[in-house]
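Chain residues, written in single-letter form:
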Amino acid sequence: MLTPSGQQIELRHEDQRAVVVEVGGGLRSYELDGLDVLDGYREDEMCSDARGQALIPWPNRLRDGRYEFAGETHQLPLSEPETQNAIHGLIRWANWTVAEHSDAAAAMEYLLYPQPGYPFALALRVEYALSGDGLTVSTAATNVGKTACPYAAGAHPYLTAGTDTIDSCELRAPGRSWMPADERCIPTGSEPIDGTEFDFRSPRQIGSTKLNTAFGDLERDRDGRARVELRAPDGRHLALWLDAGYPYLMLFTGDPLGEVARRRRGLGVEPMTCAPNAFQTGEGLLTLQPGETFTSGWGIDPRAGASDRSR
């Protein structure tokens, strides 16, 4: 019987369990003591709504799927046809290879060959590891082609603190600026967060706030990490951190999801190395020279506490 997400790679450390999958090299589930930390999907399900997927070589949306690089115009497939956008990169449905696997860690690899719309070559490696500090995810991309290439990356986990919806949860998020967007979810600029409904720098209940919103200018702790914290009414508290490789962040409450039962069930917390539509605007877009590698990291602390804010 076919497993929609391919080979299942299980990781365990003490009371933590995670499952990484062959299709897309993504993260299907993550649990602490049998309780879901991620709103993931079952082994017999196909991934939907980008749950746990890696987003390479761009996260979020590219308007009309068209961009210019080094004097050439490129056209990508419109993978979000309802808005005429190209969305979330090129590797989400590819078969990745398990390069390394131990009890608590796994490394997934994929070679992205040149193709129409992205005539560049990348060697990709995503490492997942469980430890006493929770889950760590490291993404590395090496330009193995003969010319420079545009590059960006993101990830798409949905956090859950065990509540039926996220409305009753308290959220703390680090963005000092936010990006208004048009009806195609393409940013129209950047504005200070002060005084807006999207300012969660001080923890407060999500309530009915709808988020499908990109943030920049992230507040960071002394360790250089930005943190998104989610706390349930029963006190359950977790945090997702982003290292300096991720200057941007997307928060998504899931209101537009086609599957009604999934709306607002988990909070999409998406680390991004660039802003949405960066292949056109250049905002945060990286250029990798032949042989150059870029590495970025994020992770989840499933037992977060107030002391984390002062690290």
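Computed from a prediction, not measured in an experiment: that's the story for all the values here.

## Notes on the overall build of the protein chain
In step 1: On a plain count of helices and strands, the protein chain comes out with one helix and 27 strands.
In step 2: Its C-alpha atoms give the protein chain a radius of gyration of 18 Å, within 12% of the compact-globule value 19 Å for 311 residues.
In step 3: For the protein chain, the residues scored as buried account for 53% of the 311 residues in total.
In step 4: Pairs at least 24 apart in sequence give 65% of the contacts found in the protein chain among residues at least 6 apart.
In step 5: Counting only carbon and sulfur atoms, one obtains 48% of the accessible surface of the protein chain, whose full area is about 13000 Å².
In step 6: In the protein chain, which carries 30 positive and 45 negative side-chain charges, the distance between the mean positions of the two groups comes to 1 Å.

## Some words on a nonpolar patch on the surface
In step 1: Nonpolar side chains collect at one region of the surface, where L111, Y113 and V144 lie side by side and expose about 300 Å² of accessible area between them.
In step 2: As for its position among the elements, L111 is in strand β11 (residues 105-112).

## A word on the environment of Y41
In step 1: Here Y41 is to be found in the loop between β4 (35-36) and β5 (54-55).
In step 2: Taking the C-alpha atoms as reference, Y41 lies 9.0 Å from G52; in sequence the two are 11 residues apart.

## A closer look at the pairing of strand β7 (residues 66-69)
In step 1: With burial as the criterion, only one face of β7 is covered, namely that bearing Y67 and F69; the residues R66 and E68 on the opposite face remain uncovered.
In step 2: As paired elements, β7 and strand β8 (residues 72-75) share four bridges and run antiparallel to each other. Within the sheet, the bridge partner assigned to R66 lies in β8 and is Q75.
In step 3: Here β7 folds back onto β8 in antiparallel fashion, the turn holding two residues, of which A70 has a positive phi close to 55°.

## Structural notes on the side chain of T213
In step 1: If you trace the backbone, T213 turns up in strand β21 (residues 212-218).
In step 2: Leaving out residues up to four positions away in the same chain, T213 has contacts with W178, F198, L249, M250 and L251.

## Re the sheet that holds strand β23 (residues 237-242)
Within a sheet, each strand pairs with its neighbour through backbone hydrogen bonds, oriented either parallel or antiparallel.
In step 1: In spatial order, the strands read β10-β11-β12-β13-β27-β23-β22-β17-β20; together these nine strands make up an open sheet with antiparallel pairing. Taken across any chain shown, the strands that pair with only one partner, and hence form the sheet edges, are β10 (97-101) and β20 (204-205).
In step 2: For strand β22 (residues 226-231) and β23, the ladder comprises six bridges, and the chain directions are antiparallel. Along β23, the bridge assignment pairs E229 with A239.

## Details of the pattern of salt bridges
Any two side chains of opposite charge can pair, given that their charged atoms come close.
In step 1: For the structure on display, the rule yields 23 salt bridges.
In step 2: Residues R262 and D39 are paired through a salt bridge, measuring 2.8 Å at the closest nitrogen-oxygen approach. Of this pair, R262 sits in the loop between β24 (248-252) and β25 (267-272) while D39 sits in the loop between β4 and β5, and the two are 223 residues apart along the sequence. Accessibility assignment for this pair places R262 and D39 in one class, buried.
In step 3: With a closest N to O distance of 2.7 Å, E127 and R125 form a salt bridge.
In step 4: Residues joined in a network through salt bridges with shared partners are E10, R12, R17 and E31.

## Quick look at the pairing of β25
In step 1: Extensive coverage of β25 is indicated by the burial of six of its six residues.
In step 2: In the sheet, strand β16 (residues 158-159) pairs with β25 via two bridges, with the strands oriented antiparallel. Paired with L159 across the bridge in β25 is L267.
In step 3: Summarising the sheet, β24 and β25 pair through five bridges and their orientation is antiparallel. When the bridges of β25 are listed, Y248 appears paired with M272.

## Details of the nonpolar core
In step 1: In this structure, Y118, L251 and I300 are the most contacted members of the largest nonpolar core, which totals 68 residues.
In step 2: Counting residues per element, this core draws most heavily on strand β12 (residues 122-131), at five residues.
In step 3: Filtering out sequence-adjacent residues up to four positions away, Y118 remains in contact with P57, Y67, L76, L90, L112, Y113, C149, P150 and F279.

Quick notes on the rules
- Residues numbered from 1 in each chain as written.
- Predicted model: local features only at pLDDT ≥ 70, side-chain atom pairs only at ≥ 80, totals over all residues.
- Heavy atoms only, no water.
- Helix = DSSP H or I, 4+ residues; strand = E, 2+ residues; numbered from the N terminus.
- Rg over C-alpha atoms; globule rule 2.2 N^0.38 Å.
- Buried < 20%, exposed > 50% of the residue type's maximum accessible area, 1.4 Å probe, protein only.
- Contact = heavy atoms within 4.5 Å.
- Areas by Shrake-Rupley, 256 points an atom, 1.4 Å probe, with all protein chains shown as cover.
- Lys, Arg positive; Asp, Glu negative; His and termini not counted.
- Charge placed at Lys NZ, Arg CZ, Asp CG, Glu CD.
- Patch = residues over 30% accessible without salt bridge, like charges linked within 9 Å, V, L, I, M, F, W, Y side chains within 5 Å.
- Salt bridge = Lys/Arg side-chain N within 4 Å of Asp/Glu carboxyl O.
- Pairing = 2+ DSSP bridges.
- Core = buried A, V, L, I, M, F, W, Y, C linked by side-chain atoms within 4.5 Å.

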